[in-house]
Amino acid sequence: MSHPSTDSVSPIDLKGEMNMQNILHIHSTEVRDILHALAAKRDEAPPFFLRSPITVDCKAVESELEALDFTALIEGIKALSFVPVGIRNVSDDVVESVTKAGWAILRDSKAKKAVKPTSTESTDNTGVQASSGDNTDNDSAESEPMNESLGNRVMVINRPVRSGQQVYSPNGDIVVLSQTGAGSEVLADGSVHVYGNIAGRVLAGVNGDRSARIFCQGLEAELIAIAGHYQLLDEIDTPLKGQPAMISLDGDKLVIEPMI
Amino acid sequence: MSKVIVITSGKGGVGKTTTSAAFATGLASKGYKTVVIDFDVGLRNLDLIMGVERRVVYDFVNVINGEAGLRQSLIKDKRVDNLYVLPASQTRDKDALSMKGVESVINELKQDGFDYIVCDSPAGIEKGAFMALYFADEAIVVTNPEVSSVRDSDRILGILQSKSRKAEEGGSIKEHLLITRYSPKRVEDGEMLSVEDILDILAIPLLGVIPESESVLQASNQGNPVILETKSTAGQAYEDIVDRFLGETVEHRFLDVEKQGFLKRLFGK
């Protein structure tokens, strides 16, 4: 949480803060392959990724980093309209070329964040997996992660998600007991369940899980997305606007069905 | 036990200052020692609405900077006992407010035995608004029946829930919705959001509805809190709000006959 400073004289405040950002785990040292796969990922949800900060995690290829062209990587990531923030898990012998290329070297957050198996059925498996880590968004609603079983976490939000708030449930579903406001964002790696109206943006399966679904008691969202396939509600012709609905992904199309 | 209440909205021009003046005046006339603080540093208005603009010597920023004592700066109202105004500074900006300074002023007011400390928030979600809400125990969110105002109120509710001191300590600010400038006729004609529409979107308890009324502008221009205009509908509606805030059950008025029937069903407990 940031506060206005108590001392109004200093022109700046420098503070450590956790921020939402994407971590790019690379499983290859071939820059061309990495960028190709990243571009495909981005194209799944261009508005979501546009100019979003990204950190590269080299854990999986830490021993082969001599082969990686760090300059080409940073330039390539920029060209894809991401903002490269830093890199982590780089071995000492390549530090010089890493810093020369303009990367900031970050400490690894925690061992638990180390490489996840590519279990999600994403359309690409050429050596890249985007995941979100370490996110403590400034404005996010408080939430209580519950029930850690089978590696799934369910996040339960027991009050409305307000305009300007963003809530994200990594590695699992999100359940909103109330409604979501216009201008809010609800994201989950798994499914999104809302026991009220959805009026903001709702993104399920943001990590590529195509089996994720969205359930709501009143469909009034601005934008809905599953596994990067997004759609503005105003562009969809459905009789279910304002009604209880379930949204799933069939091929490249979002399917909106009534709740039975 | 003193209570800090912030009057906020996000959007400007919806009636925060009018409400702050009327609400504080109402609490004071019920016998509670009340102070209303103008947090709109640089665009001070509360003193005008309260009719004390020519009595301002020291202001909120002077107190924060230690240039004046709190008692010197408080302006005692001449119409209602127990009512005090702490005006904002017109020549400074919001950066003059510091967290420590605001906290010490509020603590001092609490020690002085004030029952209610009403904070009149500036518009926006920047520093001034943040300072006004940070120390609050309860919030009155003022909304007009139109979409942009309602959305801004939704935003400010999110900020109340995540950035206030109560929220940081794991608690939550008690929220009240106040709809101002309500015109039943225009709601009927479909030009304005209805109370029901707004409640659907914001999902917080309704404290009251102030009907659109000419007497609000007149009262403001004369520097008279509208709650003292006991013949006007707006004045009466503000009286109801104060009673409701203090725990009385008062039926909602001025919503036209049909709407009243509906609201009775909704809030008739």
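The notes below deal with the structure included here. A quick note: this is a predicted structure, and the numbers were derived from the prediction, not measured.

How each quantity is defined
- Each chain has its residues counted from 1, running along the sequence as written.
- As a convention, the first chain written is A and the first ligand written is 1, with the rest following in written order.
- Selection of residues for local features in this predicted model requires a pLDDT of at least 70, selection of side-chain atom pairs for listing and counting requires 80 or more, and totals for whole chains, interfaces and linings are taken over all residues.
- Note that water and hydrogens are dropped before the side-chain values are worked out from all heavy atoms of the structure.
- Numbering of helices and strands runs from the N terminus; a helix is a DSSP stretch of H or I covering at least four residues, while a strand is a stretch of E covering at least two.
- The buried label goes to any residue with under 20% of its type's maximum accessible area, the exposed label to any with over 50%, and the partly exposed label to all in between, with areas taken from a 1.4 Å probe on protein chains only.
- What makes two residues a contact is simply this: any of their non-hydrogen atoms within 4.5 Å.
- Areas reported as accessible are Shrake-Rupley estimates using a 1.4 Å probe. Residue values count occlusion only from the protein chains shown.
- Between any two strands, at least two bridges found by DSSP are needed for them to pair.
- Between N-to-C directions, angles span 0 to 180 degrees; the directions come from axes that are lines fitted to C-alpha atoms, helices contributing only their stretch in contact.
- Only protein atoms enter the 1 Å grid used here. Points where a 1.4 Å probe fits but cannot escape make up a cavity, open sets with protein on both sides within 12 Å along at least five of seven lines make up a pocket, and a residue lines them when an atom lies within 4 Å of a point.
- Grid points are joined across faces, edges and corners, and a volume is the space filled by probe spheres set on the points.
- Classification convention: Asp, Glu, Lys, Arg as charged; Ala, Val, Leu, Ile, Met, Phe, Trp, Tyr, Cys, Pro as nonpolar; all other residues, Gly among them, as polar.
- Put simply, a salt bridge is a Lys or Arg side-chain nitrogen that is within 4 Å of an Asp or Glu carboxyl oxygen.
- Every angle not falling under 35 degrees, over 145, or within 65 to 115 is termed oblique; those three ranges are roughly parallel, roughly antiparallel and roughly perpendicular.
- Crossing handedness: left-handed means the near helix sits turned counterclockwise from the far one by under a right angle, and right-handed means the same turn made clockwise.
- Here is the rule: rings of Phe, Tyr and Trp (six-membered ring for Trp) pair when centre to centre is within 6.5 Å. Planes less than 30 degrees apart are stacked, more than 60 are edge-to-face, and the remainder are tilted.

Description of the overall build of chain A
Here is step 1 of the chain: Along its length, chain A carries four helices and 17 strands.
Here is step 2 of the chain: Expressed as a percentage of the 260 residues in chain A, the buried residues total 48%.
Here is step 3 of the chain: Taking contacts inside chain A between residues at least 6 apart in sequence as the whole, the part at least 24 apart equals 44%.
Here is step 4 of the chain: With an accessible surface of roughly 12700 Å², chain A has 50% of that area assigned to carbon and sulfur atoms.

Considering the sheet that holds strand S15 (residues 229-232) of chain A
All names here are of chain A.
Here is step 1 of the chain: Strands sit in the order S8-S10-S12-S14-S15 across an open sheet of five strands; the sheet is mixed. Single-partner strands in this sheet number two, and they are strand S8 (166-169) and S15. On average, each strand axis in the sheet is inclined to that of its neighbour by 10 degrees, with strand direction left out of account.
Here is step 2 of the chain: Relative to S15, strand S14 (residues 223-226) runs antiparallel, the two being bridged by four bridges. If you follow isoleucine 226 over to S15, its bridge partner there is histidine 229.

Some points on empty space enclosed by the protein
Residues and elements named next belong to chain A.
Here is step 1 of the chain: Here the structure, examined in full by the defined rule, presents five cavities of 30 Å³ or more.
Here is step 2 of the chain: Here the largest cavity is characterised by a volume of approximately 90 Å³.
Here is step 3 of the chain: Contributing elements (two or more residues each) for the lining of the largest cavity: helix H1 (31-44), helix H2 (46-49) and strand S12 (201-204).
Here is step 4 of the chain: Looking at the lining of the largest cavity, its residues break down into eight nonpolar, four polar and two charged.

Observations concerning the pattern of salt bridges
Here is step 1 of the chain: A full pass over the atoms with the stated rule returns 18 salt bridges over all chains.
Here is step 2 of the chain: Across the pair A:Asp43 and A:Arg42 runs a salt bridge whose closest N-O atoms are separated by 3.2 Å.

Comments concerning the packing of H1(A) against helix H3 (residues 70-79) of chain A
All names here are of chain A.
Here is step 1 of the chain: The contact between H1 and H3 brings their axes to 10 Å, and the two run at 20 degrees. Classified by the interaxial angle, the pair formed by H1 and H3 is roughly parallel. With respect to the hand of their crossing, H1 and H3 are arranged in right-handed fashion. Listed contacts from H3 to Val31, Ile34, Leu35 and Leu38 of H1 are Ala72, Leu73, Gly76 and Ile77.

Remarks on the packing of helix H1 (residues 16-29) of chain B against helix H12 (residues 233-245) of chain B
In helix packing, the relevant descriptors are the interaxial angle and the interaxial distance, both defined with respect to the helix axes.
Residue and element names in this part refer to chain B.
Here is step 1 of the chain: With their axes 9 Å apart at the nearest point, H1 and H12 run at an angle of 60 degrees to one another. Here H1 is positioned oblique relative to H12, judged by the angle of their axes. For the element pair H1 and H12, the recorded crossing hand is right-handed. Taken together, the residues of H12 that come into contact with H1 (itself represented by Thr18, Thr19, Ala22, Phe23, Gly26 and Leu27) are Tyr238, Ile241, Val242 and Phe245.
Here is step 2 of the chain: Across the contact of H1 with H12, the residue classes break down as seven nonpolar, three polar and no charged.

Structural notes on the side chain of B:Ser232
All names here are of chain B.
Here is step 1 of the chain: Counting through the fold element by element, serine 232 comes out in the loop between helix H11 (214-221) and H12.
Here is step 2 of the chain: Judged by its relative accessible area of 10%, serine 232 falls in the buried class.
Here is step 3 of the chain: Excluding residues that lie within four positions of it along the chain, serine 232 makes contacts with Ser213, Ser215 and Val226.

Re the packing of aromatic side chains
Two descriptors summarise a pair of aromatic rings, namely the distance from one centre to the other and the angle between the planes of the rings.
All names here are of chain B.
Here is step 1 of the chain: Counted according to the given criterion, the structure contains seven aromatic pairs over all chains.
Here is step 2 of the chain: Residues phenylalanine 39 and phenylalanine 60 carry aromatic rings whose centres are separated by 5.0 Å and whose planes lie at 75 degrees to one another, so their mutual orientation is edge-to-face. With phenylalanine 39 in the loop between strand S2 (34-38) and helix H2 (46-49) and phenylalanine 60 in helix H3 (residues 60-64), this residue pair connects regions lying 21 residues apart in the sequence. Just as phenylalanine 39 is buried, phenylalanine 60 falls in that class too.
Here is step 3 of the chain: With centroids separated by 5.5 Å and ring planes inclined at 55 degrees, the aromatic side chains of phenylalanine 130 and tyrosine 134 adopt a geometry described as tilted. Of this pair, phenylalanine 130 and tyrosine 134 are both found in helix H6 (residues 127-134), four residues apart, which corresponds to roughly one turn of the helix.

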